[in-house]
Amino acid sequence: MFLDYLALGLLCFAGLAVFYGIIVIHDIPYEIAAERNHPHQDAIHAAGWVSLLTLHVLWPFIWIWAMLYREDRGWGFHSKANDKVAELQARLVQLEKKLSLQDGNSHSE
């Protein structure tokens, strides 16, 4: 009789542990998003709950979504091309200044 109650207690404990584990696992992307100040934190949290209904099929995509953003670099698409664009913009401003100075000198003559 004692072993029956022990087995029932272990079964209940295991069931609760699995249930709690699933809830904790589904919330990992939201925790990542909150830590990174992700602009879509609420959507990621809602998608995590929807993922429960789809048996976590969506979970890897939600995790990737949460991992893409970092507060210090944004979406992580910063590359040398962005640096080159900034350099070209600075050169364009310099050339426009030169042209405006040359136009001012030609009108005064």
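These figures come from a predicted structure and were not determined experimentally. (Residues numbered from 1 in each chain as written. Predicted model: local features only at pLDDT ≥ 70, side-chain atom pairs only at ≥ 80, totals over all residues. Heavy atoms only, no water.)

1. Structural notes on a nonpolar patch on the surface
Move 1: Among the surface-exposed residues, Ile25, Ile28, Val50, Leu58, Phe61, Trp63, Ile64, Leu68 and Trp75 lie close enough to one another that they form a single nonpolar patch of about 780 Å² accessible area.
Move 2: At four residues, helix H4 (residues 59–68) tops the list of elements feeding residues into the nonpolar patch.
Move 3: Within the secondary structure, Leu68 is located in helix H4.
Move 4: Judged by its relative accessible area of 37%, Leu68 is partly exposed. (Patch = residues over 30% accessible without salt bridge, like charges linked within 9 Å, V, L, I, M, F, W, Y side chains within 5 Å. Areas by Shrake-Rupley, 256 points an atom, 1.4 Å probe, with all protein chains shown as cover. Salt bridge = Lys/Arg side-chain N within 4 Å of Asp/Glu carboxyl O. Helix = DSSP H or I, 4+ residues; strand = E, 2+ residues; numbered from the N terminus. Buried < 20%, exposed > 50% of the residue type's maximum accessible area, 1.4 Å probe, protein only.)

2. Considering the packing of helix H2 (residues 28–35) against helix H3 (residues 41–53)
Helix packing geometry: the angle between the two helix axes and the distance between the axes.
Move 1: Look at H2 against H3: their axes get within 8 Å of each other, and the N-to-C directions meet at 175°. As judged from the angle between their axes, H2 and H3 are roughly antiparallel. For the pair H2 and H3, contact is made by Pro29, Tyr30, Ala33 and Ala34 and by Gln41, Ile44 and His45, respectively.
Move 2: Considered class by class, the residues forming the contact of H2 with H3 number five nonpolar, two polar and no charged. (Axes fitted to C-alpha atoms, helices over the stretch in contact; angles between N-to-C directions. Parallel < 35°, antiparallel > 145°, perpendicular 65-115°, else oblique. Contact = heavy atoms within 4.5 Å. Nonpolar A, V, L, I, M, F, W, Y, C, P; charged D, E, K, R; others polar.)

3. Concerning the side chain of His38
Move 1: Checked against the element boundaries, His38 lands in the loop between H2 and H3.
Move 2: For His38, the side chain forms a polar contact with the main-chain nitrogen of His40, separated by 2.9 Å.
Move 3: For His38, the residues in contact, after removing those within four places along its chain, are Ala33, Ile44, Trp65, Ala66, Tyr69 and Trp75. (Polar contact = N/O pair within 3.5 Å; in protein donor to acceptor, adjacent residues only side chain to side chain.)

4. Some details on H3
Move 1: Look at H3: 19 Å from first C-alpha to last across 13 residues, which is about the 18 Å you get at 1.5 Å a residue.
Move 2: Looking at H3, one finds that the buried residues are Gln41, Ile44, Ala47, Gly48 and Ser51. Angular distribution of buried residues about the axis of H3 spans 120°; they occupy a single face of the element. Opposite the buried face of H3, at more than 90 degrees from it, the exposed residues are Asp42 and Leu53.
Move 3: Where H3 is buried, its residues touch helix H1 (2–26), H2 and H4.
Move 4: Two residues or fewer after H3 comes Leu55, characterised by a positive phi angle close to 55°. (Expected span 1.5 Å × (residues − 1). Arc of directions from axis to C-beta.)

5. So, unusual backbone geometry
Move 1: Residue Asn37 is not a glycine yet carries a positive backbone phi of 55°.
Move 2: The residue Asn37 is located in the loop between H2 and H3 in this model.

6. A word on the nonpolar core
Move 1: In this structure, Ile32, Ala33, Ile44, Ala47, Ile62 and Ala66 together form the largest nonpolar core, which totals six residues.
Move 2: Contributions of two or more residues to this core are made by H2, H3 and H4.
Move 3: For Ala47, the contacting residues outside a window of four places in its chain are Ile62 and Trp65. (Core = buried A, V, L, I, M, F, W, Y, C linked by side-chain atoms within 4.5 Å.)

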